[in-house]
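Each chain is listed here by its residues.
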Amino acid sequence: MPSADLPLLCPVCSDPLDLLEPGSGNQPRLACAAGHNFDAARQGYFNLLVGKGTSFEADSAAMVQSRFNFLGNGNYRPLAQAVASAVVRNLPETGATVLDSGTGTGHYLREILDAAATDGRHVSAIGLDISKFALRRAARLNPDAVNMVCDIWQPLPVATSSVDAVTVVFAPRNPAEFARVLRPAGVLVVVTPRPGHLAEVASVTGMLGIEEGKDDRLAEAMAGYFDLDSVRDVDISLELTRAAAADLAFMGPAGHHLDIEQIAARLEGLPEPVTAGAKFRLLVFRPRTQGTA
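Notes on the structure in this doc start here. Keep in mind that what you see is a predicted model, and the values were worked out from it rather than measured.

What follows is about the packing of aromatic side chains. Taken as a whole and judged by the stated rule, the model has four aromatic pairs. Residues Y76 and F280 carry aromatic rings whose centres are separated by 5.0 Å and whose planes lie at 80° to one another, so their mutual orientation is edge-to-face. In this pair, Y76 sits in the loop between α1 (61-72) and α2 (77-88) while F280 sits in strand β12 (residues 274-287), placing the two residues 204 residues apart along the sequence. Judged on exposure class, the residue Y76 and its partner F280 are both buried. Both rings, one in F170 and one in F280, keep their centres 5.5 Å apart while their planes meet at 45°; by these two values the pair is tilted. Of the two residues, F170 sits in the loop between β9 (163-169) and α5 (175-181) while F280 sits in strand β12, which places them 110 residues apart along the sequence. Cluster of aromatic residues (ring-pair linked, three or more members): F70, Y76, F170 and F280. Over the ring of F68 we find R137; its NZ or CZ atom is 4.3 Å from the centre of that ring.

Next comes the structure, spelled out in structure tokens:
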């Protein structure tokens, strides 16, 4: 059961949301004083989408399955460990809260929570994603977090100046909202791919390439809200079965326009192991002090 004192806000009226113990339906619920209630799905996550919904395309169940397979085998664990290190060293000794925006299957948040526990710290956690299929996995992996279906382009259901770290690993970014929910001493940890990321697999499977000027656009989006604190490049040499390479290609944006059978067919001619270089950039930002240029 997650902590009951998380700084959550009702997506309807913005009043504080309380996490209530399971009732007759044997599932916990979120409720505000105005009477808005959100029951947990039987898989353990909450759906906080309200209004007209989102234009963002959520990952399908099949894409999520591929991501769960790939990450569950530890292929990106060095990246998860780097993210956890960047977060945990910046958390207060007690009372820390982490928001994982675009939590996906929850593997990166799990690494953070485990690293914090090893360091003797209890951390409250919130996981947000647009895909209910991903959150089914995340809720199982991180039952100690509150996992919520949420559109990050809308106001986040999180109180102002209430979290100590926001993580965004290959997910959309809403700098204004991230700056609002972070405490002044908090950090925003962002992971993006670098040029050449998975080029060996991308050239065969039809994975989308890295857009030119991506770093410049990120810097422009963060300007006015955050200052860059540090940058670290993380490289991982992969040796994969063809099935794992297919999961790798399908779990990303390519999964929105190709099916896994098409991807697997393109990989049939490659010898095993399929080798590829994963190239990441891990950036740590701090909230810009009001009035600084």
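Within the element layout of this structure, R286 appears in strand β12. Since its relative accessible area comes to 28%, R286 is described here as partly exposed. Separated by 277 residues in sequence, R286 and L9 place their C-alpha atoms 23 Å apart. What R286 contacts, discounting residues up to four positions off in sequence, is N90, A185, G186, V187, Y225, F226, D227 and D229.

Okay, the environment of P92 next. Mapped onto the elements, P92 comes out in the loop between α2 and β6 (96-101). Residues P92 and V123, spaced 31 residues apart in sequence, show a C-alpha to C-alpha distance of 9.6 Å. Among all residues touching P92, those that are not within four sequence positions of it are R121 and D164.

Definitions and cut-offs
Residues numbered from 1 in each chain as written. Predicted model: local features only at pLDDT ≥ 70, side-chain atom pairs only at ≥ 80, totals over all residues. Heavy atoms only, no water. Phe/Tyr/Trp six-rings, centres within 6.5 Å; stacked < 30°, edge-to-face > 60°. Helix = DSSP H or I, 4+ residues; strand = E, 2+ residues; numbered from the N terminus. Buried < 20%, exposed > 50% of the residue type's maximum accessible area, 1.4 Å probe, protein only. Lys NZ or Arg CZ within 6 Å of the ring centre and 35° of its normal. Contact = heavy atoms within 4.5 Å.

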